[in-house]
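A closer look at the structure
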Amino acid sequence: VSADRYLGAARTASLLLLVTVYLAVDIARSNVPRLLLLADARGAFTSAFFEQLVDDDKVLVVRNGQSEWWGIPEVESRSHVLKPQFGAHQDVPGIGRLFVMREQGAKYLFAQRRDGRRWIATRLDSAGAAIGGEARLRDIALELSLEPKDDYHATFRAIENELIDRRVEISGAGIALRSDLAPWLIALFNLGLLILIRNHVRRALDITDGEEEEPWLLLDGHVGLERVAALGWLAALVTAPWISSATLLMTLAARVHVDGSISTWATDGALMASALTLVIAGGWVALTLTADVVSLRAERRSHLTSAPAAPAEEEPA
Amino acid sequence: MKAGGVLHRAMPTIAGVLIALAICVPVSMLVFSELDVESKDQITTSLVATIAALAISGAGVLAWCVHRGIAWSDPSRLSPLWSWLGGRRALLVGYVLIVGAWAALCVVLGMSTWLELLAEGLGPSRTRSTAALTSWQDWILAAVFVATQAAFLWSGGKLRIGASSPKPYRFAVSAAIFSLAMSILVAGLVLAMLEGVDRMDVRSRPEDPAEIGQFLLALLLGNWTIWLPIAWFALRDVDRPTGLSRLSGMLLAGSWIEVAVALPIELVARGRHENCPCASGSWIALAVGGPLLLWSLGPAAYLLYRRERTLNARTPGHAKRLLARRSTKIRVTPDVEAT
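Within each chain, residue numbers correspond to sequence positions counted from 1 in written order. Naming scheme: in the order in which they are written, chains are lettered from A and ligands are numbered from 1. Local features in this predicted model are restricted to residues of pLDDT 70 or higher, and side-chain atom pairs are both shown and tallied only at a pLDDT of 80 or more, whereas totals for entire chains, interfaces and linings draw on every residue. Excluding hydrogens and water, the side-chain values take into account all heavy atoms of the structure.

1. Here's the deal with the overall build of chain A
- Numbering goes from the N terminus for both helices and strands, where a helix is a DSSP run of H or I of at least four residues and a strand is a run of E of at least two. Within chain A, the regular secondary structure consists of seven helices and nine strands.
- Partly exposed describes any residue whose relative accessible area lies between the buried limit of under 20% and the exposed limit of over 50%, with all areas from a 1.4 Å probe on protein chains only and scaled to the type maximum. Within chain A, the fraction of its 317 residues that count as buried is 49%.
- Any two residues whose heavy atoms approach within 4.5 Å are treated as being in contact. A separation threshold of at least 6 residues defines the contact pool for chain A, and within that pool the share at least 24 residues apart is 69%.
- Working definition of accessibility: Shrake-Rupley area with a 1.4 Å probe, residue cover restricted to the visible protein chains. When the accessible surface of chain A is totalled, it reaches about 15400 Å², and 56% of it is carbon and sulfur.

2. Some thoughts on helix α3 (residues 152-165) of chain A
All names here are of chain A.
- Here the expected span of a helix is defined as 1.5 Å times the quantity of residues minus one. With 14 residues, α3 should reach 20 Å at 1.5 Å per residue; the first-to-last C-alpha distance of 19 Å fits that figure.
- Burial analysis of α3 places ten of its 14 residues in the buried class, which makes it a mostly covered element.
- Of all the positions in α3, only Tyr152, His153, Ala154, Thr155, Phe156, Ile159, Glu160, Glu162, Leu163 and Ile164 are classed as buried.

3. Thoughts on the packing of aromatic side chains
All names here are of chain B.
- Each pair of aromatic rings taken from Phe, Tyr and Trp, with Trp reduced to its six-membered ring, is defined by centres within 6.5 Å and is described as stacked if the planes are under 30 degrees apart, edge-to-face if over 60, and tilted in the remaining cases. One pass over the full model with this rule turns up seven aromatic pairs over all chains.
- Consider the rings of phenylalanine 152 and tryptophan 295, whose centres lie 5.5 Å apart with planes at 75°: the pair is edge-to-face. Of the two residues, phenylalanine 152 sits in helix α6 (residues 136-154) while tryptophan 295 sits in helix α10 (residues 281-314), which places them 143 residues apart along the sequence.
- Pairing phenylalanine 178 with tryptophan 227 gives two aromatic rings, centres 6.1 Å apart and planes at 85°, and the pair type is edge-to-face. Residue phenylalanine 178 is located in helix α7 (residues 172-196), and its partner tryptophan 227 is located in helix α8 (residues 209-235); the two are separated by 49 residues in the primary sequence.

4. A word on a negative patch on the surface
- Taken together, the side chains of A:Glu51, A:Glu134, A:Asp150 and A:Asp151 make up a negatively charged region of the molecular surface.
- Following the sequence through the fold, A:Asp151 ends up in the loop between α2 (133-143) and α3. Patch membership needs two things, relative accessible area over 30% and no salt bridge, and members are linked within 9 Å if like-charged or within 5 Å if nonpolar (Val, Leu, Ile, Met, Phe, Trp, Tyr). What counts as a salt bridge is simple: a side-chain nitrogen of Lys or Arg found within 4 Å of a carboxyl oxygen of Asp or Glu. Two residue types count as positive, namely Lys and Arg, and two as negative, namely Asp and Glu; His and chain ends fall outside the count. Charge positions come from single atoms, namely NZ of Lys, CZ of Arg, CG of Asp or CD of Glu.

5. A few points about the side chain of A:Thr155
- Mapped onto the elements, A:Thr155 comes out in helix α3.
- When near neighbours in sequence (up to four residues on either side) are disregarded, A:Thr155 contacts A:Leu137, A:Ala141, A:Pro148 and A:Lys149.

6. Overview of the side chain of B:Gln149
All names here are of chain B.
- Assignment of secondary structure puts glutamine 149 in helix α6.
- Its relative accessible area of 11% is what places glutamine 149 among the buried residues.
- Contacts of glutamine 149, omitting those with residues within four sequence positions, involve Tyr95, Leu294, Trp295, Gly298 and Pro299.

7. Some points on the confidence of the model for chain A
Residue and element names in this part refer to chain A.
- Summarising the model, chain A shows a mean pLDDT of 77, and 75% of its residues fall at 70 or more.
- One confidence number per residue, pLDDT, is output by the predictor and ranges from 0 to 100. Considering each helix and strand of chain A separately, the mean pLDDT is smallest for strand β3 (residues 74-75), with a value of 50, and largest for helix α4 (residues 182-207), with 88.
- A low-confidence stretch, residues 75-85 stays under pLDDT 50, and its non-local contacts, those more than four residues away or across chains, total 27 contacts.

8. Considering the packing of α2(A) against α3(A)
Residue and element names in this part refer to chain A.
- It is the contact of α2 with α3, at a shortest axis distance of 10 Å, that shows an interaxial angle of 35°. Here α2 runs over α3; the crossing is left-handed. Residues Glu134, Leu137, Ile140 and Ala141 of α2 pack against Tyr152, Thr155, Phe156 and Ile159 of α3.
- All residues other than Ala, Val, Leu, Ile, Met, Phe, Trp, Tyr, Cys, Pro, Asp, Glu, Lys and Arg, Gly among them, are scored as polar; the first ten of these are nonpolar and the last four charged. Classifying every residue of the contact of α2 with α3 by side-chain character gives six nonpolar, one polar and one charged. For helices, the fitted line uses only the C-alpha atoms of the stretch in contact; every axis is such a line through C-alpha atoms, and the angle between N-to-C directions lies from 0 to 180 degrees. Each crossing gets its hand from how the near helix is turned against the far one by less than a right angle, where anticlockwise is left-handed and clockwise is right-handed.

9. A few points about the nonpolar core
- Judged by nonpolar contacts, the single largest core of 82 residues is most densely connected at A:Phe45, A:Leu98, A:Leu137, A:Ile159, A:Val201, A:Trp216 and B:Val261.
- The dominant element in this core, judged by the number of residues it contributes, is helix α1 (residues 3-51) of chain A, at 17 residues.
- Sequence-distant contacts of A:Phe45, that is, excluding residues within four places in its chain, are made with A:Ile95, A:Leu98, A:Leu109, A:Trp119, A:Leu137, A:Tyr152, A:His153 and A:Phe156.
- Among the nonpolar cores identified, the runner-up in size contains 29 residues, and B:Ile177, B:Ala181, B:Ala231 and B:Leu292 belong to it. Residue types Ala, Val, Leu, Ile, Met, Phe, Trp, Tyr and Cys, when buried and joined through side-chain atoms within 4.5 Å, form a set referred to as a nonpolar core.

10. Focus on the pattern of salt bridges
Residues and elements named next belong to chain A.
- Enumeration over the complete set of coordinates arrives at seven salt bridges over all chains.
- The salt bridge partner of arginine 202 is aspartate 292, with a shortest N-O separation of 2.9 Å. Of the two residues, arginine 202 sits in helix α4 while aspartate 292 sits in helix α7 (residues 265-305), which places them 90 residues apart along the sequence.
- Of the residues examined, arginine 202 reaches a relative accessible area of 22% and is grouped as partly exposed.

11. Thoughts on the confidence of the model for chain B
- When pLDDT is averaged across chain B, the result is 69; 48% of the residues are at 70 or more.
- When pLDDT is averaged over each element of chain B, helix α9 (residues 240-269) of chain B comes out on top at 86 and helix α12 (residues 334-338) of chain B at the bottom at 55.

12. What to know about the packing of α1(A) against α3(A)
Residue and element names in this part refer to chain A.
- Relative to each other, α1 and α3 sit at 165°, their axes nearing to 10 Å. In terms of their interaxial angle, α1 and α3 are classed as roughly antiparallel. Every pair of crossing elements has a handedness; the one defined by α1 and α3 is left-handed. Each of Arg34, Leu37, Leu38, Ala41, Arg42, Phe45, Ala48 and Phe49 in α1 lies in contact with α3, whose residues at this interface are Tyr152, His153, Phe156, Ile159, Glu160, Glu162, Leu163 and Ile164.
- A breakdown of the residues in the contact of α1 with α3 according to their chemical character gives eleven nonpolar, one polar and four charged. Geometric relationships in this document are graded by angle, where less than 35 degrees denotes roughly parallel, more than 145 denotes roughly antiparallel, 65 to 115 denotes roughly perpendicular, and other angles denote oblique.

If you want it as structure tokens, here you go:
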């Protein structure tokens, strides 16, 4: 295989990499504010839920049309919330099973959705509590261009559906991804692309001696604006894995915060270790790729600027 | 390559991972754990078991490394990049400019301490003081900043980068500074990750400042004793430039990774700590990682510059090749030449 084909493939892959990095930034810019809005909505829902309680120390549970009073269990730590097999709960269609518990004086609402996802929230803070939970839910619904319902359960259901269940569509590719999984997939995809580009550049470096192969501004821009563009392209390749890892960390941190950090140490450790691995691996591949590109640039330049061999004179017949 | 060779090369990495785990797991569980009284015994047992397992396996790997010697990964892979960067005197000038711009920004933005630019600049906005760089603490900080850089490069010998292989104790100062800086970086990284998974519970902190101080001291000393052997492995049987470059590279990479992790987390988490920014783990990580990144850039830039100078002096034709690389030749065809 000639160096041409390797360089052509590397150039195409580098363009694809830049597009996916833009996509990652775009998704994070959209995701993080939406997740923070979801946290706000959950706080508002919790406020609305507690505003309905008649007795501050008890929860009214309606089962089969009959009302029952349940005491709110006092727990020492939120780690116990992982197994909320005790205490009062309500099954709210579309929202999940709701538990109420108290920790160090603060009351929490714990929700377990049908799809297995869980979250915990407390009332809105003092600044947010200036308006009631229901009113705040209405505001959030209007912010999302949703029609507020009379029942705050229905309003919250619509908000959660809009913010969680809507998938990220990648136009042109016909792919729709879950918004919390998209940054992981993009970060992995970018790492793969970087490895692919490095492999192609390294193979081209092995094969070629700097002959004029496939044109690529990254390798051939040595003067003026071409040089600036080439270095900019190189800088974009170097920073690509850092940027996609950063978007991943942002989404991960926002997601954990919104759900209320109810996962186990093992889950948290695995998530952060995976993200850290992506950061380090991406950085290493980007650095070595830069070194290879610098080598190839030097070889190409050396070949381009060397004096051409004198043409062989035709021998007289 | 033989399987034994691959294993030999991978051993330092395995040792590093095990040591890092031995640091991270207990630190993360101890510092901000949300333990309650009932489960403390159980957690303590599992914690001791984890530490013991990691320590035994780490000690085994280290013993193997001592017995067989350490094969660090081939440094030539990044050599073209270092040559490219080191061939520019602008690197040193750029570093001085960055430090100057950093200090100037602190003055303009009214930072209370000139080393806190990254954390303060990204943290929640609040009323800032205007006493930046006017207090004697700032001048002491600046003096310590430069003095530790010089001490790191001096490394117990003359302030000269030579090719000789010095005795290990000659690196004592560099190794001590490296170990301390890496300890701080690891602690900051763990705090940033705890913030990332929202496990920085302010309420679980001890209220007595003396207790916090003692704990931080123990944490730093503990990490210090772990990083010292790593520094010793990195410096064993190598000449001074190689040894210092390894330490400097690890510091630069560590601080860069910490900033790369802490920065996005802080951007998300800063809204939660508007009233008290320093309660955020990512804020603390940026507060220590930013200055350490700035600090480690200095020795790295200097060593790169010296490396290129040494190559110039020792390698025949190096300067000529460098000149040719930076020059643009014009092709002259035989016809033009004839005219």
